[in-house]
Amino acid sequence: QVQLVESGGGLVQPGGSLRLSCAASGQICSIGNMAWFRQAPGKEREFVAIISRLGSTDYTDTVKGRFTISRDNAKNTEYLQMNGLKPEDTAVYYCAAGAKLFIRARAAYEYWGQGTQVTVSS
């Protein structure tokens, strides 16, 4: 089993920045690829970004050039640096891990964090 705990959410003005963190514990060998998803009110949970153990990354088009995913394998932690935030980025952000494939599909991820709220508003 793997436990994931997110932190770093909050309220920010449009154009501002936030950095989300996700700390993993437990059966670390099962972490595999890690990702961030988000879910806005009334919408389905959607893929945001993925990072492999070796650092390969992929992003959904709406955040490319604004968000950066990274991970520190020594600390079993992944991060999401979010710059140029827009009101449409408002959502609960979830950390995910355990995907054996480098894939965006939500069903591929075995482990999930509890979510952290990001609100972009003036």
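Structure first, text after, so check above.
(A) Expanded view of the nonpolar core. Counting residues in hydrophobic clusters, the biggest one holds 27 residues, and the most contacted among them are Leu4, Trp36, Leu80, Met82 and Tyr93. Within the residue set of this core, elements represented by two or more residues are strand 1 (2–7), strand 3 (18–26), strand 4 (33–39), strand 5 (46–51), strand 7 (67–72), strand 8 (77–82), strand 9 (91–99) and strand 11 (116–120). Formed by seven residues, the second largest nonpolar core is a distinct cluster that contains Ala35, Phe47, Ile50 and Tyr109.

(B) Fine view of the environment of Val12. Mapped onto the elements, Val12 comes out in strand 2 (residues 10–12). A relative accessible area of 12% means that Val12 is categorised as buried. Val12 sits 108 residues away from Val120 along the chain, and the two C-alpha atoms are 5.0 Å apart. Setting aside residues up to four positions removed in sequence, Val12 forms contacts with Ser17, Leu18, Leu85, Thr119, Val120 and Ser121.

(C) The state of the cysteines, seen in detail. Summed over the entire model, instances satisfying the criterion amount to one disulfide. One disulfide bridge connects Cys22 with Cys95, the sulfur atoms lying 2.0 Å from each other. Here the S-S torsion is close to -70°, and the disulfide linking Cys22 with Cys95 is therefore left-handed. Remark: Cys95 occurs in strand 9 and Cys22 occurs in strand 3; sequence separation between them is 73 residues. Looking at Cys22, the relative accessible area reads 0%, which means it is buried.

(D) Region of interest: the sheet that holds strand 3. If you trace the four strands from one edge of the open sheet to the other, you get 1-3-8-7, paired in antiparallel fashion. With one partner strand each, in any of the chains shown, strand 1 and strand 7 form the two edges of the open sheet. The sheet shows a mean angle of 15° between the axes of neighbouring strands, taken without regard to direction. Here strand 1 pairs with strand 3 via six bridges, running antiparallel. Looking at strand 3, one finds that Ser7 is bridged to Ser21.

Here is what the cut-offs are and how they apply
- Residues numbered from 1 in each chain as written.
- Predicted model: local features only at pLDDT ≥ 70, side-chain atom pairs only at ≥ 80, totals over all residues.
- Heavy atoms only, no water.
- Core = buried A, V, L, I, M, F, W, Y, C linked by side-chain atoms within 4.5 Å.
- Buried < 20%, exposed > 50% of the residue type's maximum accessible area, 1.4 Å probe, protein only.
- Helix = DSSP H or I, 4+ residues; strand = E, 2+ residues; numbered from the N terminus.
- Contact = heavy atoms within 4.5 Å.
- Disulfide = S-S within 2.5 Å.
- Pairing = 2+ DSSP bridges.
- Axes fitted to C-alpha atoms, helices over the stretch in contact; angles between N-to-C directions.

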